[in-house]
Amino acid sequence: MNLSIPGDTALQVISTNANPIESRGNPYLEGVHTPLRQEIDAPDLEVIGDVPRDLTGIYLRNGPNQRNSPLGVHHWFDGDGMLHGAVIRDGRISYRNRWVRTRGKAAEDRAGRALWPGLIDPPNPDLEQTWGSDGWLKDTSNTDVVFHNGKAVTTFYQCGEPYLLDPYTLETVGAVDLGAHGARAMSAHNMVDEHTGELLFFDYATSPPYMTYGVIDASGRLEHFTPIDLPGPRLPHTLAITEHYTILMDLPLFWDPGLLRQGAHKVTFHRELPSRFGIIPRRGDGDSIRWFEAEPCYIYHVVNAWEEGDEIVMEGCRFADPEPSQEIRRMYAGPYANLLAWMRMDTTWHRWRFDLRTGACREEPLSDRVSEFPMIHGRYNGRPSRYSYHVTFAEAQTVLFDGLVKYDSQTGTAQRYQFGEGCYGSESPFAPRDGAQGEDDGYVVSFVSYPAEDRSELLILDARDISAGPVCRARIPHLIPSGFHSCWIPGDRMP
Ligand SMILES: [Fe+2]
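Quick notes on the rules
- Residues numbered from 1 in each chain as written.
- Predicted model: local features only at pLDDT ≥ 70, side-chain atom pairs only at ≥ 80, totals over all residues.
- Heavy atoms only, no water.
- 1 Å grid on protein atoms, 1.4 Å probe; cavity = no way out; pocket = protein on both sides within 12 Å on 5 of 7 lines; lining within 4 Å.
- Points joined across faces, edges and corners; volume = space filled by probe spheres on them.
- Helix = DSSP H or I, 4+ residues; strand = E, 2+ residues; numbered from the N terminus.
- Nonpolar A, V, L, I, M, F, W, Y, C, P; charged D, E, K, R; others polar.
- Buried < 20%, exposed > 50% of the residue type's maximum accessible area, 1.4 Å probe, protein only.
- Donors = N, O, S within 2.8 Å, 3.2 Å for Na, K, Ca; no water.
- Tetrahedral: all angles 85-135°; square planar, octahedral: opposite > 155°, others 65-115°.
- Arc of directions from axis to C-beta.
- Contact = heavy atoms within 4.5 Å.

Asker: Would you mind showing me how to read the layout of surface pockets here?
Answerer: One simple way to see leftover space: roll a probe sized like a water molecule over the atoms. Taken as a whole, the largest pocket spans an internal volume of roughly 540 Å³. If you go around the largest pocket, you meet 23 residues; those closest to its centre are H75, L119, W255, V267 and W342. At the level of elements, β18 (253–255), β22 (298–308) and α4 (337–342) are the ones that each hand at least two residues to the lining of the largest pocket. With 3 residues, the top contributor of residues to the lining of the largest pocket is α4. Classifying every residue of the lining of the largest pocket gives 17 nonpolar, 5 polar and 1 charged. Together, 21 residues line the second largest pocket, and R344, M345, F393, A394 and E395 are the ones closest to its centre. Taken together, the residues that form the lining of the second largest pocket break down as 11 nonpolar, 4 polar and 6 charged.

So, in structure tokens, the structure goes:
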């Protein structure tokens, strides 16, 4: 479908989905979580302020955007993946959004309705799936996006097939059949080493091997793949990389093993178990991994990791107690109380040091302020870094980002920017200035949404002084739902 909007010939509606979404009062289908029903191209956004002439690149953000009314209790993590992309160059900004054309979405489009139950619904054993590591959820590819080998690569946190999309048009090129290449599946939070162009990935599953790890080279060839021995099924969310090593995680938050054997998925925090971090040479086999023990916690996202002499340093957002307390549970009522309680993320910036000589791990909190979705200058991933850009959580019943905080690990200082009343942001990557000199020489970009006004904006802030507020705002003519992960493709890496 190709409709033009009266009075705005430049903006094109590429597709619409007339199927109404029944929210049934689910707060993750309402307000700023309302799924978009259309895909649009907006080739030249109206801008308030001046777009920096020394900023060239593409901001991509992934997130859940439910296509059809859910069968059961919709979880925020269930929505069909949709990419939002802004191309910035020559002082102009274009925007478009597209669903990731997953196999699951295609099957549901053919059926005209949802087919898969969600994360907190009972699995449907009659559904035939031939992709993903466990095959009980729809692989929505809604979680993460990285740029590798000229394509945007989207992935799903419960593991599945990576989908490749054109970073300009956001059209889905296809899914990568990892099995045909000798691997199994890919989780979200694979990472690209911009120095080598390699993509490092892992997956996890409820049957052995419980984890696998692999390296795809800059040209897209699987170069290394190995099973990782774990004591049982685990639920890691990310890995971390350094120049020569990868850090894999065995954290004490995982499916209850007894219930899992009966086909039920109940997440439990095992406070009696340590957090374990497995450090493996980048192309090491599973038996070369060295495990380090730390205090129990959960980690959704790492800030960065690097090598310092005999030590590996890792910074991340640490969740000391990921299972909601009775006090938190009492804050919520109704059919979505459990979902809302589990989504409270009291995560703080934290540092672990793994001593390769002694096998010991030291750890220390770096802040007591709650922050998440950390981003750094992509070129520093796996190398020593100083600055990171996190979002802060709004006082709301769902996960919403009310501002940004920039941390300086050298001085221990922080800069803050609040998006403002009724405005909620996205994971906000660092975007280096063209020809940048220095780690924070550039900008921070974020899609922000105004649910009361049914519209969004792209904010561009000076990374050296985010507290000064945006240097410009570009108006986006629909409401981008709150979402997950993002990446910045700098001008010198644009295909
Ligand atoms: Fe994540």
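Asker: How should the environment of Y210 be read in this particular structure?
Answerer: Among the secondary structure elements, Y210 is positioned in the loop between β13 (198–204) and β14 (211–216). By relative accessible area, which is 19% here, Y210 ends up buried. Taking the C-alpha atoms as reference points, Y210 and S467, 257 residues apart in sequence, are found 44 Å from one another.

Asker: Please explain the coordination of the iron ion as it appears in this structure.
Answerer: Ideal geometry at a metal centre: 109.5 degrees between donors when four sit tetrahedrally, and 90 or 180 degrees when six sit octahedrally. The iron ion binds to the protein through H189 (NE2), H237 (NE2), H301 (NE2) and H485 (NE2), with metal-donor distances spanning 2.1 Å. Viewed at the metal, the 4 donor atoms of the iron ion are separated by angles of 87 to 170°, and the geometry they form is irregular.

Asker: Is there a simple way to think about helix α1 (residues 103–111) in this case?
Answerer: Side chains three or four residues apart in an α-helix point the same way, a direct result of the helix having 3.6 residues per turn. For α1, the set of buried residues is G104, K105, A107 and E108. One side of α1 holds all its buried residues, which, seen down the axis, span an arc of 160°. The secondary structure elements touched by the buried residues of α1 are β7 (92–99). Looking one or two residues past α1, G112 carries a phi angle of roughly 75°, positive in sign.

Asker: How should the environment of F319 be read in this particular structure?
Answerer: Following the sequence through the fold, F319 ends up in strand β23 (residues 311–319). Accessibility expressed as a relative area gives 3% for F319, which makes it buried. Taking the C-alpha atoms as reference, F319 lies 5.9 Å from I299; in sequence the two are 20 residues apart. Filtering out sequence-adjacent residues up to four positions away, F319 remains in contact with C297, Y298, Y300, R344, M345, D346 and T347.

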